[in-house]
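Understanding the architecture of this molecule
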Amino acid sequence: RDCKDGELAQLFHEADLLCHQEFDDDLNEALAVEGIRLGLLVSRQTLAGMDFYGFIIYKFWGPPLKAMSISRVAVPSTYQLQGFGRQ
């Protein structure tokens with residue numbers, strides 16, 4: 001799903017800012033590699049919209065490997081040490 005348009009655009013912007021802050025890297029460049037996926041950790045508990053808790057960038061490797069590799073995980077400082085970036 002393209003998260004650069006619509007209701008996810010603000011969340012993508014927050015993830016991009018966090019990516020720059022934590023990794024000194026552009027989120028669009030990280031996602032340009034074939035097969036790379038982005039997961040956004042959000043909550044809809046507020047009436048104002050979604051709360052952004054962080055993101056993960058990962059890739060699934062098909063057969064014969066059948067594995068998943070995680071390249072980046074980031075959580076805003078407000079939510080760090082609350083278990084959002086743990087397994």
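Read on for an overview of the structure. Computed from a predicted structure; not experimentally measured.

1. Concerning the pairing of strand 3 (residues 67-74)
Relative to strand 3, strand 2 (residues 49-61) runs antiparallel, the two being bridged by 7 bridges. Considered in strand 3, the bridge of Phe60 is made with Met68. The antiparallel hairpin formed by strand 2 and strand 3 contains 5 residues in its connecting segment, where Lys66 sits at a positive phi of about 50 degrees.

2. Here we look at a nonpolar patch on the surface
Together, Phe60, Met68, Ile70 and Val73 make up a nonpolar patch on the protein surface, roughly 370 Å² of accessible area in all. At 3 residues, strand 3 tops the list of elements feeding residues into the nonpolar patch. Of the residues examined, Val73 reaches a relative accessible area of 38% and is grouped as partly exposed.

3. What to know about helix 1 (residues 9-23)
Relative to the 21 Å expected for 15 residues at 1.5 Å per residue, helix 1 spans 21 Å between its end C-alpha atoms, a close match to the ideal helical length. Buried residues of helix 1: Leu11, Phe12, Ala15, Asp16, Leu18 and Cys19, and no others. For helix 1, the angular spread of buried residues about the axis comes to 165 degrees, placing them on one side. Directly beyond the C-terminal end of helix 1, a positive phi value near 50 degrees is found at Asp24.

4. With respect to the packing of aromatic side chains
Tallying each qualifying case throughout the model produces 1 aromatic pair. Ring centres of Tyr58 and Phe60 lie 5.4 Å apart, and the angle between their planes is 80 degrees; on these two criteria the pair is classed as edge-to-face. Residue Tyr58 is classed as buried on the basis of its relative accessible area, which comes to 16%. Taking NZ or CZ as reference, Lys59 lies 4.1 Å from the ring centre of Trp61, over its face. Cation over ring: Arg72 sits above Phe23, and NZ or CZ is 5.4 Å from the ring centre.

5. A closer look at the nonpolar core
Counting 12 residues, the largest nonpolar core is built from Leu8, Leu11, Phe12, Ala15, Leu18, Cys19, Leu27, Ala30, Phe52, Phe55, Ile57 and Ala74. Mapped by element, the contributors of at least two residues to this core are helix 1, helix 2 (27-31) and strand 2. Among the elements that line this core, the one with the most residues is helix 1, at 5 residues. Apart from residues no more than four positions distant in its own chain, Cys19 is found in contact with Asp24, Asp25, Asp26, Leu27, Phe55 and Arg72.

Basis of the calculations
Residues numbered from 1 in each chain as written. Predicted model: local features only at pLDDT ≥ 70, side-chain atom pairs only at ≥ 80, totals over all residues. Heavy atoms only, no water. Pairing = 2+ DSSP bridges. Helix = DSSP H or I, 4+ residues; strand = E, 2+ residues; numbered from the N terminus. Patch = residues over 30% accessible without salt bridge, like charges linked within 9 Å, V, L, I, M, F, W, Y side chains within 5 Å. Areas by Shrake-Rupley, 256 points an atom, 1.4 Å probe, with all protein chains shown as cover. Salt bridge = Lys/Arg side-chain N within 4 Å of Asp/Glu carboxyl O. Buried < 20%, exposed > 50% of the residue type's maximum accessible area, 1.4 Å probe, protein only. Expected span 1.5 Å × (residues − 1). Arc of directions from axis to C-beta. Phe/Tyr/Trp six-rings, centres within 6.5 Å; stacked < 30°, edge-to-face > 60°. Lys NZ or Arg CZ within 6 Å of the ring centre and 35° of its normal. Core = buried A, V, L, I, M, F, W, Y, C linked by side-chain atoms within 4.5 Å. Contact = heavy atoms within 4.5 Å.

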